[in-house]
Amino acid sequence: MVELAEEWRSIVKGAVQRGEVGGVSLLFIKDGKEICWLGEGYADRENKREIKRDTIFRLYSMSKPVTAAAAMVLFERGQLDLAEPVSRYLPEFSGQLVEENGRLVPAVREVTVKDLLGMTSGLMYNGNPGLTGAYVTELFRQVDERLLTDQAMTTAEIAGALGKGPLAFQPGSSWLYGTSADVLGAVVEAAAGM
């Protein structure tokens, strides 16, 4: 285990020195027992406060890694294929259009589960410009309007509506922080049947 700790310490120390990250805290557990803890860099770079074992981190968007982990469990069980088009699980994702230079063109290929995991699907959040941004902004207005009513949209309904809308770019051609993980949640529901 000493070799593992030293190898990882070298990796994270290099990432901190190259400025890729401000600091790293890693805890390795195997069979319910702690193997090692590593802390490198700063919890607060500006004030030179180093990472300690009890450093508290603020975490956001934590549903995304949980959803990705659920997808990987289904993958391991053979219930989800990462190379499959999303339309296998959500039919609204077939025949999608892509916004290019202010007009809509057919997608060169379908969005895959892997695209959702890597946020290379072309799906975006609301508030962005263009045809895709306008579509998603209107959809989210409807979601918000119905949220606290008896007609609140389900995850599958929201994902289906996103599937009917245009993509910001051709699937797999770029990266954009958007609604990919939200749609992945609906794919997980469909693949798991629950």
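## Describing the nonpolar core
- Ranked by size, the top nonpolar core spans 31 residues in total, and within it Leu 80, Val 86, Leu 90, Leu 116, Val 183 and Val 187 carry the most contacts.
- Residue assignment for this core shows that the elements contributing at least two residues are α2 (63–76), α3 (113–118), α4 (130–146), α5 (155–164) and α6 (180–192).
- Leu 116 has contacts with Val 86, Val 111, Ser 121, Leu 123, Ser 180, Val 183, Leu 184 and Val 187, leaving out every residue within four places of it along the chain.

## Describing the environment of Lys 52
- By the element assignment, Lys 52 lies in the loop between β3 (49–50) and α2.
- Sequence separation of Lys 52 and Glu 40 is 12 residues, and the distance between their C-alpha atoms is 8.5 Å.

## Quick word on the pattern of salt bridges
- In this structure the tally under the stated criterion is 7 salt bridges.
- When the shortest N-O distance is used, the salt bridge between Glu 20 and Arg 18 registers 2.8 Å. In this structure, Glu 20 and Arg 18 share a single accessibility class: exposed.
- Among the ionic pairs, Glu 84 bridges to Arg 88, the shortest N-O distance being 3.5 Å.
- On the basis of relative accessibility, which here comes to 23%, the residue Glu 84 falls in the partly exposed class.
- Exposure remark for Arg 88: the relative accessible area of 53% places this residue in the exposed category.
- Three or more residues joined by partner-sharing salt bridges are found here, namely Glu 138, Arg 141 and Glu 145.

## Quick notes on unusual backbone geometry
- Although it is not a glycine, Asp 31 adopts a positive phi angle of roughly 55°.
- Topologically, Asp 31 is positioned in the loop between β1 (23–30) and β2 (33–44).
- Phi at Asn 101 is positive, roughly 55°, even though this residue is not glycine.
- With respect to the secondary-structure elements, Asn 101 resides in the loop between β4 (97–100) and β5 (103–106).

## Some thoughts on helix α1 (residues 2–17)
- In this model, α1 (16 residues) spans 22 Å end to end at C-alpha, consistent with the 22 Å of a helix rising 1.5 Å per residue.
- Turning to α1, its buried residues number three or more, namely Ala 5, Val 12, Gly 14, Ala 15 and Val 16.
- Summarising the contacts, the buried residues of α1 are in contact with β1 and β2.
- Following α1 by one or two positions, Gly 19 has its phi on the positive side, about 75°.

## With respect to the packing of α5 against α6
- In contact at an axis separation of 9 Å, α5 and α6 are set at 120° when each is read in the N-to-C sense. Of the possible angle classes, the one that applies to α5 and α6 is oblique. α6 is crossed by α5, and the crossing has left-handed handedness. Two secondary-structure elements touch here, α5 through Thr 155, Ala 156, Ala 159 and Leu 162 and α6 through Asp 182, Val 183, Gly 185, Ala 186 and Glu 189.
- Considered class by class, the residues forming the contact of α5 with α6 number 5 nonpolar, 2 polar and 2 charged.

Rules used in this analysis
- Residues numbered from 1 in each chain as written.
- Predicted model: local features only at pLDDT ≥ 70, side-chain atom pairs only at ≥ 80, totals over all residues.
- Heavy atoms only, no water.
- Core = buried A, V, L, I, M, F, W, Y, C linked by side-chain atoms within 4.5 Å.
- Buried < 20%, exposed > 50% of the residue type's maximum accessible area, 1.4 Å probe, protein only.
- Helix = DSSP H or I, 4+ residues; strand = E, 2+ residues; numbered from the N terminus.
- Contact = heavy atoms within 4.5 Å.
- Salt bridge = Lys/Arg side-chain N within 4 Å of Asp/Glu carboxyl O.
- Expected span 1.5 Å × (residues − 1).
- Axes fitted to C-alpha atoms, helices over the stretch in contact; angles between N-to-C directions.
- Parallel < 35°, antiparallel > 145°, perpendicular 65-115°, else oblique.
- Left-handed = near helix turned anticlockwise from the far one by under 90°.
- Nonpolar A, V, L, I, M, F, W, Y, C, P; charged D, E, K, R; others polar.

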